[in-house]
Amino acid sequence: MRRNHVLALARGTFLETVRDRVFYLVAFFGFVMMSSTTILSPLTIGAQGKIVSDVGLAAMTLLGLLVVVFVGSGMVRKELDKGTITTILSKPIGRREYLLGKFLGLNLTMGAMLAVMSVMFLLMLLLSPGAFSLRFGVAFYLAFLELSVVTAIVVFFSTCVSPVLAAVFTLGAFVAGHLSESMRDFGQLQQGFVGQKVATVVYYLLPNLEVFNVRGSVVHGDPVTAAHVALATLYGICWTALLLLLAGAVFSRKELRG
Amino acid sequence: MSRQVLVENIPPAPARAASSVGAPEAGARPAAEPALRVVDLTKSFRSGFARREIRGIEGVSFTVARGEVFALLGHNGAGKTTTIGCLLDLVRPERGQVTLLGRDHRDRASRARVGYLPERPYFFDYLTGRELLEFYADLLDVDRRERTGRIDEVLRQVDMLPDAGRRLNKYSKGMLQRLGLAQALLGDPELLILDEPMSGLDPLGRREVRSLLQDLKKQGRTILLSSHIVPDVEQLADAVGILRDGRLVLQQRLGATADACSYRVRAGAPAAVVRAAAVPAWALAGVDATAAGDATDLAAADPRQLRELLDACHGAGLPVVSVEAQRTGLEDLFLATHHRGGEA
């Protein structure tokens, strides 16, 4: 695998997605933040900062998710249908290099969006007395990790199913990933052996995205330990790598009819 | 099904000087080694819910010598694009072998000196022409110090230098086609694989691309092109392979089709006089002895017969008014091949 090939593909994907009006969503985020401050201020006496930061962090994750799912789900398929991929893979490029480049490019787009939204978010917090804190950095970082795992999920699905199905499956995996802990706990309460085992299997088959959700702790000033951040980082990297390996295995066997 | 292979190998053109641009050198190879060797390539596809098998290509074999322009000719759906897909490892054949510039086609290094233009080139909408070529230059490991010069050179070759700063979603189809050729030329390829390079171009664009391909041919580059436009192939190719329903039914040098001429000799005498003169009987086939008029048309099937007929006319004192070559062109060959298939 050649690093310069992967970086070139990542750069190309980043430029293409960024220029494809994706940053309109960032403007929408600004609008959400402004609106939430204006509308919620009179309703939340004394807790304005917490409400605004909670809404802001949730909106960042949601908009990041939308970009990843709707750009990512059609990314490989669009290039397959239009034939862009054939000119790329007619060069001395491996298919795994191609997928990794696409993943990194989309991740870079998502990261840039998160970075811009984070800055806007912190600026808005300056308007709410006592709400500004640098500990929000941990929440931004873990949101980035979570969306990186989601990016790997969408890249995997985009290699094997249609864009619509890839989007539906990825959104499903996102929701299930946030509920997997609850599903496991629910399974443990079941009397039957099968129910317990199914819940456990589902838990291990899906990434547990709640690991990355520290929004509540950060907003309410509860501590987020360095050990948790380190473990979440390791967990995110492992899932991302596993999903990309699976995507690479599927994609290397794919017929690319020009 | 009949399968006529008239010529397998064409003598190689003079080798081109090696260039410093591009990814890893493919290594020294004997000059006689063909640029492309395809043996028994077979591919079928599964389609639909019932996974019905559709034949793509079957038993396709051909060889393209270095410096040669080889055209794959066939109607839409004949298997040209599938064949090209197999050569570039985009489509995985069930059977067969492909050697690109002396290497197995599955070895990605074999594609380092290959330029490819797909049938409908489509690129990233939001990049400019120059950015797109920079992207491909990175994929081809073009030396950073030579990159700008190389990009300018290929843009100039396809007459796109003034438009290089515009985004691709503002390009016309013809401009995209020319940019597609530019990216194919970027790595200074030894072998160019062009899938319908003239498709979608207006007459002026077609003439420009044809002229560019003729220049590339003069430079000694090997070109494999697919087309269903016979006059384009006739003007460019040294050899042609005709595909029908996934099978290569004919391989032939184009020189051979050019030689395949018949001749009409007009003698300045009435038919009755000509028939009475000592001209060969085969020349009189179709001559009506009772026809009125001062001239009679005689037929010669090849240059040898033409010489014999002219000698006979001269010997018999018959004046020759005109000699007209009636060429059996590639189009006739192409149509004949397809008619034979229709009758089979």
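Think of each chain on its own: its residues are numbered from 1, step by step along the sequence as written. Ligands are numbered from 1 and chains lettered from A, in the order in which they are written. Where local features are concerned, this predicted model is filtered to residues with pLDDT of at least 70; where side-chain atom pairs are given and counted, the filter is 80 or more; whole-chain, interface and lining totals use all residues. Heavy atoms from the whole structure form the basis of all side-chain values; hydrogens and water molecules are not counted.

Next up on the list: the overall build of chain A. Helix and strand assignments follow DSSP, with helices taken as H or I runs no shorter than four residues and strands as E runs no shorter than two, numbered in order from the N terminus. Assigned secondary structure in chain A consists of ten helices and zero strands. Listing each helix as α and each strand as β along chain A from the N terminus yields α-α-α-α-α-α-α-α-α-α. Our radius of gyration looks at C-alpha atoms and nothing else; its globule reference is 2.2 Å times the residue count to the power 0.38. Its C-alpha atoms give chain A a radius of gyration of 20 Å, within 12% of the compact-globule value 18 Å for 258 residues. Expressed as lengths along the three principal axes of its C-alpha atoms, the size of chain A is roughly 60 × 55 × 30 Å. Burial classes: relative accessible area under 20% of the type maximum marks a residue as buried, over 50% as exposed, and values in between as partly exposed (1.4 Å probe, protein chains only). The buried share of chain A, taken over its 258 residues, is 52%.

What chain B contains, in helices and strands, is ten helices and 14 strands. By residue count, 52% of the 344 residues in chain B fall in the buried class. Partitioning the contacts of chain B with sequence separation of at least 6, the portion at a separation of at least 24 is 72%. On chain B, roughly 15,300 Å² of surface is accessible, and the fraction owed to carbon and sulfur atoms is 50%. Note on definitions: a residue-residue contact is assigned when non-hydrogen atoms from the two residues lie within 4.5 Å. For every accessible area listed, the method is Shrake-Rupley and the probe measures 1.4 Å; residues are considered covered only by the protein chains on display.

In this section: helix α1 (residues 80–87) of chain B. Residues and elements named next belong to chain B. Burial analysis of α1 places seven of its eight residues in the buried class, which makes it a mostly covered element. When α1 is considered as a whole, its buried residues turn out to be K80, T82, T83, I84, G85, C86 and L87. Where α1 ends, the next residue or the one after it, D89, has phi of about 65 degrees, a positive value.

All names here are of chain B. The term salt bridge refers to a side-chain nitrogen of Lys or Arg lying within 4 Å of a carboxyl oxygen of Asp or Glu. Summed over the entire model, instances satisfying the criterion amount to 29 salt bridges over all chains. Measuring nitrogen to oxygen at the nearest pair gives 3.3 Å for the salt bridge that ties R144 to D138. The exposure class assigned to R144 is exposed, which follows from its relative accessible area of 58%. For R147, the salt bridge identified is with D138, shortest N-O distance 2.6 Å.

Time to look at a nonpolar patch on the surface. Nonpolar side chains (Val, Leu, Ile, Met, Phe, Trp, Tyr) are joined into patches within 5 Å and like charges within 9 Å, using only residues with over 30% relative accessible area and no salt bridge. On the surface, a cluster of nonpolar side chains totalling about 530 Å² of accessible area is made up of V119, L123, L126, F132 and L134 of chain A. Within the secondary structure layout, L126 of chain A lies in helix α5 (residues 95–126).

Let's shift gears to the interface of chain A and chain B. Opposite the 33 residues of chain A that make contact, chain B presents 32 residues. Regarding the contact of chain A and chain B, the summed buried area is about 3,200 Å², with carbon and sulfur atoms giving 53% of it. As used here, buried area is the combined drop in accessible area, with a 1.4 Å probe, of two parts when they are placed together. On the chain A side of the contact with chain B, R19, K91 and P92 of chain A bury the most area, a combined 21% of that side's loss. Of the charged contacts, one joins E255 of chain A and K43 of chain B as a salt bridge, the two residues approaching to 2.5 Å between their closest N and O atoms. Distance and chemistry together define a polar contact, namely a pair of N or O atoms within 3.5 Å, with one atom able to donate a hydrogen and the other to accept it when in protein, and with adjacent residues in sequence counting only for side-chain atoms on both sides. There are 20 residue pairs in polar contact (both at pLDDT 80 or more) connecting chain A and chain B. Looking at the side of chain A that touches chain B, the elements with two or more residues in it are α1 (3–22), α3 (48–82), α4 (84–89) and α5 of chain A. Looking at which element gives the most residues to the side of chain A that touches chain B, the answer is α1 of chain A, with ten residues. Each residue receives one of three labels: charged for Asp, Glu, Lys and Arg, nonpolar for Ala, Val, Leu, Ile, Met, Phe, Trp, Tyr, Cys and Pro, and polar for the others, Gly being one of them. Residue composition of the side of chain A that touches chain B, by class: eight nonpolar, ten polar and 15 charged.

All right, on to the side chain of E131 of chain B then. Tracing the sequence through the fold places E131 of chain B in helix α2 (residues 129–139). Dropping the residues within four chain positions of it, E131 of chain B is found in contact with R19 of chain A together with Y126 of chain B.

Moving on to the packing of α1 of chain A against α3 of chain A. Residue and element names in this part refer to chain A. Here the axes come from fitting lines to C-alpha atoms, over the contacting stretch only for helices, and the angles between their N-to-C directions go from 0 to 180 degrees. Look at α1 against α3: their axes get within 12 Å of each other, and the N-to-C directions meet at 125 degrees. Between α1 and α3, the interaxial angle falls into the category oblique. Crossing of α1 against α3: the hand is right-handed. The residues of α3 that touch α1, namely those facing T13, E16, T17 and V22, are V67, V71, M75 and K78. For the contact of α1 with α3, the per-class residue count stands at four nonpolar, two polar and two charged. Between 65 and 115 degrees an angle is taken as roughly perpendicular, under 35 as roughly parallel, over 145 as roughly antiparallel, and anywhere else as oblique. Crossings are classed by handedness, with left-handed meaning an anticlockwise turn of the near helix from the far one by less than a right angle and right-handed meaning a clockwise turn.

Let us look at the domain arrangement of chain B. You can read the domains of chain B as domain 1 (3–13 + 28–257) and domain 2 (261–327). The centre of domain 1 of chain B, based on its C-alpha atoms, is set 47 Å off from the matching centre of domain 2 of chain B. Each domain's extent is set by a domain assignment, obtained either automatically or from a database.

All names here are of chain B. Position of V69 among the secondary structure elements: in strand β4 (residues 69–73). V69 sits in the buried class, given a relative accessible area of 1%. Excluding anything up to four places from it in sequence, V69 contacts K217, I223, L225, L236, A237, D238 and A239.

Residues and elements named next belong to chain B. The pLDDT value expresses, per residue, how confident the predictor is, ranging between 0 and 100. Predicted confidence across chain B gives a mean pLDDT of 81, with 84% of residues reaching 70 or more. Taken element by element, the predicted model of chain B shows its lowest mean pLDDT in strand β1 (residues 4–5) (36) and its highest in strand β8 (residues 191–195) (94). Ignoring residues within four places in sequence, the model shows residues 1–28, a span with pLDDT below 50, making 65 contacts including any to other chains. We note a pTM of 0.78 for the whole complex and an ipTM of 0.83 for its interfaces.

A few words on the pairing of strand β3 (residues 52–64) of chain B. All names here are of chain B. Pairing between strands requires that DSSP locate at least two bridges from one strand to the other. Across nine bridges, strand β2 (residues 36–47) lies against β3 in antiparallel orientation. Along β3, the bridge assignment pairs L36 with V64. Where β2 folds back onto β3 in an antiparallel hairpin, the turn is made up of four residues, including G48, whose phi is positive at roughly 80 degrees.

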